[in-house]
Amino acid sequence: MKKALKLLVLVAALFGLFLLVSFLAFYHLLSVGEFRRFLVSEIEENTKFKVQLGEAKLEVGRILGVGFHDLALSEPGDAEPVITAERITARVALMPLLRRKLVFYEIRLNQPAAQVVRDKDGKIPLLDRLLNLPFVKSAERQFALDLRTLKITGAKIDFLDHFLEGTARSTRLENLDLELARLRGAALRDFFQNLVRRKRDQPEGTALEFELKTAVATEGKEARLRAKGTMIFPSEPLEIDQAWWNADAQMTDLPAPLVRSYAGSRLPVDSLSGTFDGRLRLEGNPKRRLQAKGEISFKQLAIDAPELFSAPLDAGDGRIDLDVSWQPRLPGDRQTGGQAQQWELPRFNFRSKDLQFALTGALQATDSEDPRLQLIVTAPSLSVAAVKKYLPPKWIAAAHAENFVAALQDGNVKFNRAEVSARLSALREPTAKAGFAEGVSLDVEFKSVAADAADGYLPLRGLQGRVILEKGLLSFKGLTGDYGQSRLSNIDGNYHWYGAGQGALQLRGLGDLDLAELREQVQQGLLPASVTKAAAAVQEMEGRGSVDLAVNREAESVPQIEGRILLDGARLRLHDFPLTEVRGEIELAPAEIK
């Protein structure tokens, strides 16, 4: 025990001696005036800014370095500075002091203020300049700048964005903390080995680790943003738009109006309210390939977007899980006519208080062809009222389904699969075209659906069954429900909605009919003309009857009805002759009734 204590005291004494020698060497070697000139020269040479520094002070204690008050960076010839900071500190490495060498490896900026601008080309010149501080070693006489870390604390940033169309958008970043550190040695080797194991298309080059914390202030509200990861620059000078990103980002309490304001006309929304929280992982470069995946949760979300949804949405609280990638225009595509750009959506799972669905899709575009969109949607049992609100009005109009959708009132619908695969031009058309119809398919199950149709048709209640749309052919399987006071069951058939044979209908089903309602439907001309003519002699009809009917209609022709009606105790009046307790069977054929 005593030996261990002596060893500990010896180590502590040696460490203290090392610090004392380092401090004396630092104090002996440092000339503040010469270092000021060296630091100004390094910053001006690498950033092209004019540098002004205030009073200098040695930092001795938890860190060893030199601090300057009142930093100001400005464009040559401009009176107003671009960046100001209360203090800048350069930290000194200890080991080189023993070799009579001053090596400064870290620069800290305390409470800086700046205006950052993104130009119309998407570049951020100020950030590019800061990235090109000498993260590679440079030396001059007794000084050396082997910059490994740049730290910014308590910054206030006004971000002005000219990249989006229309008026430039301004965002205020408060209490921004940023740390940039260059990966070296074993850390750099391990990082690239991890990249190679996951992907093969990441570039090699200068790698900078970063960690960012800030608050976004807007309309009296504050959102918190955090990001941490690595940027890889394939060449020097370092430019932010050339960086390959491998980063995790987190946002908290992001106001929905800020999203709408920033997106501008690209998001066709009249109003947007609520807040967003999220975690995203970004990997890639926007000019080559960029992938984002993660989750976004929202609170009290409300959307009014007439161009996107049939009614204002009150989504409430919910969550989105997504995985999206973007591959932009590739060099040479314009000459070859090949693929120019592509969006891929391997996963988009949406859940709100009244809606849940899973979406996958892709958007492909070339210079010589109209972009093609492919979307596949699946959803569990959902209320009809919720689905109606989320349906795009233009798609409803394109499918000639306005009256059908308006008639639906209640019930549940399950999307086994809904797919759209069509050119964007076809989706934008106000009326359906063959290209759009062939690219739409549905597999939907109904349960307890209610509909109130206009033009004299009776209300439909308790509808359930399955409907499939494939290449313009609408198929019905096992439909049952109540039509007025009549009960329909086991309805199977198909209807040619689009394409060749449009309007052709084939149906077969069973039913238990209310005869009085049937006569009213006949009198209003809602049934085929042959049925109306045959029933003209019937002045009254009451009771019930069971039916087994088949309806066939070729395109643009009169429907043909075949089957039988079984009467059991019906009451009829034919040409003023009353008939009661009528029992028997009526056979229907295209040419006669017997």
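Residues numbered from 1 in each chain as written. Predicted model: local features only at pLDDT ≥ 70, side-chain atom pairs only at ≥ 80, totals over all residues. Heavy atoms only, no water.

*Asks:* Quick question: what am I supposed to make of the overall build of the protein chain here?
*Replies:* Broken down by element type, the protein chain carries 13 helices and 27 strands. Out of the 594 residues belonging to the protein chain, those deemed buried represent 41%. For the protein chain, long-range pairs separated by at least 24 residues make up 56% of all intrachain contacts whose partners lie at least 6 apart in sequence. A total of about 32700 Å² of accessible surface is found on the protein chain, and carbon and sulfur atoms cover 55% of it. (Helix = DSSP H or I, 4+ residues; strand = E, 2+ residues; numbered from the N terminus. Buried < 20%, exposed > 50% of the residue type's maximum accessible area, 1.4 Å probe, protein only. Contact = heavy atoms within 4.5 Å. Areas by Shrake-Rupley, 256 points an atom, 1.4 Å probe, with all protein chains shown as cover.)

*Asks:* Sorry, what's going on with the pattern of salt bridges here?
*Replies:* Where side chains of opposite charge bring their charged atoms close, a pairing between them can arise. Tallying each qualifying case throughout the model produces 19 salt bridges. Across the pair Lys299 and Asp277 runs a salt bridge whose closest N-O atoms are separated by 3.9 Å. Placement of Lys299 in strand E13 (residues 289-304) and of Asp277 in strand E12 (residues 271-285) is noted, with a sequence separation of 22 residues between them. The class of Lys299 is partly exposed, set by a relative accessible area of 42%. Arg417 serves as the salt-bridge partner of Glu419, at 2.9 Å between the closest nitrogen and oxygen. (Salt bridge = Lys/Arg side-chain N within 4 Å of Asp/Glu carboxyl O.)

*Asks:* Explain the pairing of strand E25 (residues 544-553) to me, please; I cannot follow it from the model alone.
*Replies:* Sheet faces and side chains relate simply in a regular strand, where the side chains alternate between the two faces. Pairing analysis gives ten bridges linking strand E23 (residues 505-514) to E25, with the strands arranged antiparallel. Note that in E25 the partner of Leu507 across the bridge is Val551. With eight bridges joining them, E25 and strand E26 (residues 560-574) adopt antiparallel strand pairing. Across the sheet, residue Gly545 finds its bridge partner in E26, namely Leu567. Linking E25 back to E26 in an antiparallel pair, the connection comprises six residues, with Glu556 at a positive phi of about 55°. (Pairing = 2+ DSSP bridges.)

*Asks:* Just checking my understanding: could you explain unusual backbone geometry for this structure?
*Replies:* Generally, phi is negative for residues other than glycine and the peptide bonds are trans, each holding for most cases. Phi angles above zero are rare outside glycine, and Asp70 is one such case at about 55°. Residue classification places Asp70 among the exposed positions, given a relative accessible area of 56%.

*Asks:* What should I look at first to understand helix H5 (residues 256-263) in this one?
*Replies:* Because an α-helix packs 3.6 residues into every turn, residues spaced three or four apart end up facing the same way. Of all the residues in H5, the buried ones are Ala256, Leu258 and Ala263. The arc enclosing the buried residues of H5, seen along the axis, measures out at 160°, which places them on a common side. (Arc of directions from axis to C-beta.)

*Asks:* Would you mind showing me how to read a positive patch on the surface here?
*Replies:* On the surface, a cluster of positive charge is contributed by Lys213, Arg224, Arg226, Lys228 and Arg279. Ranked by the residues each element gives to the positive patch, the list is headed by strand E10 (residues 221-233), at three residues. Relative to the helices and strands, Arg224 is located in strand E10. (Patch = residues over 30% accessible without salt bridge, like charges linked within 9 Å, V, L, I, M, F, W, Y side chains within 5 Å. Lys, Arg positive; Asp, Glu negative; His and termini not counted. Charge placed at Lys NZ, Arg CZ, Asp CG, Glu CD.)

*Asks:* Please explain the confidence of the model for the protein chain as it appears in this structure.
*Replies:* One rule of thumb: low pLDDT means the predicted coordinates there are not for detailed reading. Of the residues in the protein chain, 73% have a pLDDT of 70 or more, and the chain-wide mean is 77. Note on residues 9-31: pLDDT under 50 across the span, and 31 contacts to partners over four residues away in sequence or across chains. When the criterion is pLDDT under 50, residues 136-140 qualifies, and its contacts beyond four places in sequence or with other chains add up to ten contacts. (pLDDT = per-residue confidence, 0-100.)

*Asks:* I'm lost on the packing of aromatic side chains in this one. Help?
*Replies:* If you walk through the whole model with that rule in mind, you get seven aromatic pairs. For the pair Phe298 and Phe350, a centre-to-centre distance of 5.8 Å together with 25° between the ring planes defines the contact as stacked. Here Phe298, found in strand E13, pairs with Phe350, found in strand E15 (residues 339-351); they are 52 residues apart in sequence, far enough to count as distant. Comparing Phe298 with Phe350, the two get one shared label, buried. (Phe/Tyr/Trp six-rings, centres within 6.5 Å; stacked < 30°, edge-to-face > 60°.)

*Asks:* It is not clear to me how the environment of Ile376 should be interpreted in this structure. Could you clarify?
*Replies:* Note on placement: Ile376 falls in strand E17 (residues 372-383). The exposure class assigned to Ile376 is buried, which follows from its relative accessible area of 19%. Excluding its chain neighbours within four sequence positions, the residues that come into contact with Ile376 are Ala358, Leu359, Thr360, Arg417, Ala418 and Glu419.

*Asks:* For this particular structure, what's the right way to read the pairing of strand E27 (residues 577-588)?
*Replies:* Of the pairings in the sheet, the one linking E26 to E27 comprises ten bridges and is antiparallel in character. What sits directly across from Arg573, in E27, is Pro578. Between E26 and the antiparallel strand that follows it, E27, lie two residues; His575 among them carries a positive phi value of about 50°.

*Asks:* Explain the environment of Lys299 to me, please; I cannot follow it from the model alone.
*Replies:* In this structure, the C-alpha to C-alpha distance between Lys299 and Asp277, residues 22 residues apart in sequence, is 8.4 Å. Sequence-distant contacts of Lys299, defined by excluding residues within four places in its chain, comprise Gly274, Thr275, Asp277, Gly316 and Asp317.

*Asks:* Which parts of the structure should I look at to understand the side chain of Ser486?
*Replies:* Summarising the element assignment, Ser486 is placed in strand E22 (residues 486-496). Non-local contacts of Ser486, meaning those with residues more than four positions away in its chain, are made with Gly481, Asp512, Leu513, Asp514, Glu517 and Arg544.

*Asks:* I would appreciate a short explanation of the environment of Ala451 in the present structure.
*Replies:* Locating Ala451 in the fold gives a position in strand E19 (residues 440-451). Taking the C-alpha atoms as reference points, Ala451 and Phe404, 47 residues apart in sequence, are found 8.6 Å from one another. Once residues lying within four places of it in the same chain are set aside, the contact partners of Ala451 are Ala407, Leu408, Gln409, Pro459, Leu460 and Arg461.

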